[in-house]
Amino acid sequence: MDPSGISSVNLSHTWPVGKIKSGFVKFLTRFSLTLKHPVVTAFVSTIIDAGDAEWLRNWTEIINYQWHALICLTIYIRVLSSSIPETIRRAYRKGPVFLRKVSRRLIFQLQQISQREWRCIVKIQEHYARDIFKKYGLPVPDFGLATNPDEARALAKELGTPVVVKAQVLVGGRGKAGGVKLADDIDEARDKAGAILGMDIKGLKVEKVLVAKSVDIDKEYYIGIVLDRDRKQHVVIASPAGGVDIEQVAEETPDKIGKVWIDPKYGLHAYECRKMLFDIGFEQKVALHAAAILQKLYQIVLDHDCSLVEINPLVLSPDGNIWAIDAKINFDDSGLFRHPELRKLKESEDTDPIERDAHSRGLTYVRLEDGNVGIIGNGAGLVMGTMDEVKRFGRDIAKPANFLDIGGGARADSVKNSLEVVLSDPNVKAVLINVFGGITRCDEVARGLNEAIESVKTDIPIFVRLEGTNSVEGREILNGDAFHVIETLDQAAEPIIGYVSEGAVR
Ligand code: GDP
Ligand code: MN
């Protein structure tokens, strides 16, 4: 065990971790691999499944066990409270004694941290957000959607020119990237749509454009409501300097940013907003409108469990009207179970057919480009650790093809679903299953695998490592004809490289 090894961990390599969870999971995973200690691995899996109601109990059990866990805990707390990997690296260099002390002190913060558990942001396209805005009576210019230039032309004709043509991709700053263009007549609308469709904006391909009636702009403002995790409250943010990067405004001219924290006990009151808006220089008429709009935005936040609702810019037109010409809404995925319609929306946005299939089966799956080893594991930490291992031993020949977390329990049907999904990727030439039995028992998983392989007929070699609770029984039960049973991942390295490079079958 060499804690100093951690300081060289590269926190920014290539997995789509943003999609999976956040950077520190990766850090913890590396950490658990470095220690090669089952308790740490279990701990990592446990905290990564922190949404689970049992997580606190498991944690405390593990903490009683070993001080390794305390280090993890410290890191967990530090990361949650700071989100700065550098802080952790620095803490790490000071060594275990320091960490142990800090951990003990920080354990008392557990209660608070428990409220901060994992959250993933669900983003939706602007046109969906506009639909919601409209439903709540916000001033949204008429619009439609087009997937080819002719549709855009027809829409422009229907709406009346001039129009604005806007790329529908899930990133900000489309305007600067050339993804928002004005068109004075219907032919221009067609041409601009043609130019924007297929464009690459920050790595995302534009597949549809929004065509909206253009608004003449006198002045641009920013208003929004975001979740302030530190205060555990939503906060209204506004600025008379809208349209541009709001972060930049906050940095360079902080006096042009106003905030109102919302106490859920009392709700948001229009007068609070008006006062704040006047203070930062909104003209009276605009302030009155904006305050009323903010009330509606807060209702949207409450009704949909939003982590962010934003209008940037809210504009004042020369005729004195106020318009919301951009719309952004993010949801908190912990609240998705209350909003089946949003879950569907999220799924319909999956572009990869295998990902869509996996998500409809309730699996956490992310497909990677140019991988060839299917990865299945339980717990996000262990799965990412396994991916790292394949990347490490693979000598650029064997590469992880996906992330797939079967989650806790790992019943036969989820094991079967997982195998089916992973094998449906034609690039996969070998599969590596890595299960750490904690609450999940390895004998159960083994039965699940045996059942699964009965129905999922395949020639692809499947390597299985079962470790932890009932692993010995698990390995005995496992059908030796169908699976290669391994005890360490390294045992799989050479055979996997062999299979992958030949593209051979078992
Ligand atoms: P974002 O860059 O991705 O945030 O996209 P926006 O929807 O905010 O558009 C960027 C910029 O395009 C805005 O700040 C406006 O200046 C301009 N814009 C967008 N819609 C219109 C419109 O209807 N009329 C005019 N004149 N400008 C617009
Ligand atoms: Mn905008």
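Please read these numbers as outputs of a predicted model, since none were measured by experiment. (Residues numbered from 1 in each chain as written. Chains lettered and ligands numbered in written order. Predicted model: local features only at pLDDT ≥ 70, side-chain atom pairs only at ≥ 80, totals over all residues. Heavy atoms only, no water.)

## Description of the packing of helix 18 (residues 412–423) against helix 19 (residues 442–455)
In a packed pair of helices, the relevant descriptors are the angle between the two axes and the axis-to-axis distance.
And then number 1: Running from N to C, helix 18 and helix 19 cross one another at 50°; their axes reach a closest spacing of 8 Å. The angle between helix 18 and helix 19 places the two elements in the oblique class. As helix 18 runs across helix 19, the sense of the crossing is right-handed. Across the interface between the two elements, A412, V415, K416 and L419 of helix 18 pack against G448, L449, E451, A452, I453 and S455 of helix 19.
And then number 2: Here the residues of the contact of helix 18 with helix 19 sort into 6 nonpolar, 2 polar and 2 charged. (Axes fitted to C-alpha atoms, helices over the stretch in contact; angles between N-to-C directions. Helix = DSSP H or I, 4+ residues; strand = E, 2+ residues; numbered from the N terminus. Parallel < 35°, antiparallel > 145°, perpendicular 65-115°, else oblique. Left-handed = near helix turned anticlockwise from the far one by under 90°. Contact = heavy atoms within 4.5 Å. Nonpolar A, V, L, I, M, F, W, Y, C, P; charged D, E, K, R; others polar.)

## Concerning the pattern of salt bridges
And then number 1: This structure, assessed with the given rule, holds 27 salt bridges.
And then number 2: One salt bridge connects D142 with K134, and the closest N-O pair in it is separated by 3.7 Å.
And then number 3: Residue K134 is classed as partly exposed on the basis of its relative accessible area of 39%.
And then number 4: R361 serves as the salt-bridge partner of E420, at 2.6 Å between the closest nitrogen and oxygen. Here E420, found in helix 18, pairs with R361, found in the loop between helix 16 (353–360) and strand 14 (364–367); they are 59 residues apart in sequence, far enough to count as distant.
And then number 5: Overall, R361 belongs to the partly exposed group, its relative accessible area being 30%.
And then number 6: Connected through salt bridges with shared partners, the residues E126, R130, K166, R174 and D326 form a single ionic network. (Salt bridge = Lys/Arg side-chain N within 4 Å of Asp/Glu carboxyl O. Buried < 20%, exposed > 50% of the residue type's maximum accessible area, 1.4 Å probe, protein only.)

## Details of the site of ligand 1
And then number 1: The environment of ligand 1 is formed by 16 residues, the closest being K166, R174, G175, V215 and E220.
And then number 2: The backbone of G173 places a nitrogen or oxygen atom 3.5 Å from an oxygen atom of ligand 1.
And then number 3: At 3.2 Å, a side-chain N or O of S214 approaches a nitrogen atom of ligand 1.
And then number 4: Considered on its own, ligand 1 offers 560 Å² of accessible surface; in the complex 82% of this is hidden by protein.
And then number 5: Mapped by element, the contributors of at least two residues to the shell around ligand 1 are strand 3 (163–167), strand 4 (180–183) and strand 11 (306–316).
And then number 6: Here the shell around ligand 1 is built from residues that sort into 7 nonpolar, 5 polar and 4 charged. (Near = heavy atom within 4 Å. Polar contact = N/O pair within 3.5 Å; in protein donor to acceptor, adjacent residues only side chain to side chain. Areas by Shrake-Rupley, 256 points an atom, 1.4 Å probe, with all protein chains shown as cover.)

## Quick notes on the coordination of the manganese ion (ligand 2)
And then number 1: The manganese ion (ligand 2) binds to the protein through N312 (O) and D326 (OD), with metal-donor distances spanning 2.1 to 2.2 Å. Residue N312 is located in strand 11, and its partner D326 is located in the loop between strand 12 (322–324) and strand 13 (328–332); the two are separated by 14 residues in the primary sequence. Both residues of the pair, N312 and D326, count as buried. (Donors = N, O, S within 2.8 Å, 3.2 Å for Na, K, Ca; no water.)

## Some points on the nonpolar core
And then number 1: Judged by nonpolar contacts, the single largest core of 48 residues is most densely connected at F133, I223, L277, F282, L297, I300 and I329.
And then number 2: Residue contributions to this core peak at 10 residues, all from helix 14 (residues 284–304).
And then number 3: Setting aside its immediate chain neighbours within four residues, I223 contacts I237, A238, F282, A290, I293, L294, L297, E310, I311 and L314. (Core = buried A, V, L, I, M, F, W, Y, C linked by side-chain atoms within 4.5 Å.)

## Side note on the confidence of the model for the protein chain
And then number 1: Taken over all residues, the pLDDT of the protein chain has a mean of 79, while the share at 70 or more is 74%.
And then number 2: Averaged over each element, pLDDT in the protein chain is lowest for helix 8 (residues 110–114) (34) and highest for strand 12 (98).
And then number 3: Across residues 1–22, confidence stays below pLDDT 50; counting only partners more than four residues off in sequence or on other chains, it has 46 contacts. (pLDDT = per-residue confidence, 0-100.)

## A closer look at the sheet that holds strand 3
And then number 1: Strands sit in the order 2-7-3-4 across an open sheet of 4 strands; the sheet is antiparallel. In this open sheet, the two edge strands, each paired with only one partner strand, are strand 2 (143–146) and strand 4. Strand-to-strand, the axes of this sheet are offset by a mean angle of 25°, without reference to chain direction.
And then number 2: As paired strands, strand 2 and strand 7 (residues 209–213) are joined by 4 bridges and run antiparallel to one another. Paired with L145 across the bridge in strand 7 is L210.
And then number 3: Helix 9 (residues 126–135) contacts strand 2, strand 3 and strand 7 of the sheet and is inclined by roughly 155° relative to strand 2.
And then number 4: The strands that helix 10 (residues 149–159) touches are strand 2, strand 3 and strand 7; relative to strand 2, the one it contacts most, it runs at about 165°. (Pairing = 2+ DSSP bridges.)

## Thoughts on helix 10
And then number 1: Listing the buried residues of helix 10 in full gives A152, L155, A156 and L159. Buried residues of helix 10, viewed axially, fall in a sector of 100°; they line one side. Helix 10 presents D150, K157 and E158 as exposed residues on the side facing more than 90 degrees away from its buried surface.
And then number 2: The inward-facing, buried residues of helix 10 contact strand 2, strand 3, helix 11 (186–196) and strand 7.
And then number 3: One side-chain oxygen of the residue at the start of helix 10 lies 3.1 Å from the amide nitrogen of D150, identifying that residue as N148.
And then number 4: Directly beyond the C-terminal end of helix 10, a positive phi value near 95° is found at G160. (Arc of directions from axis to C-beta.)

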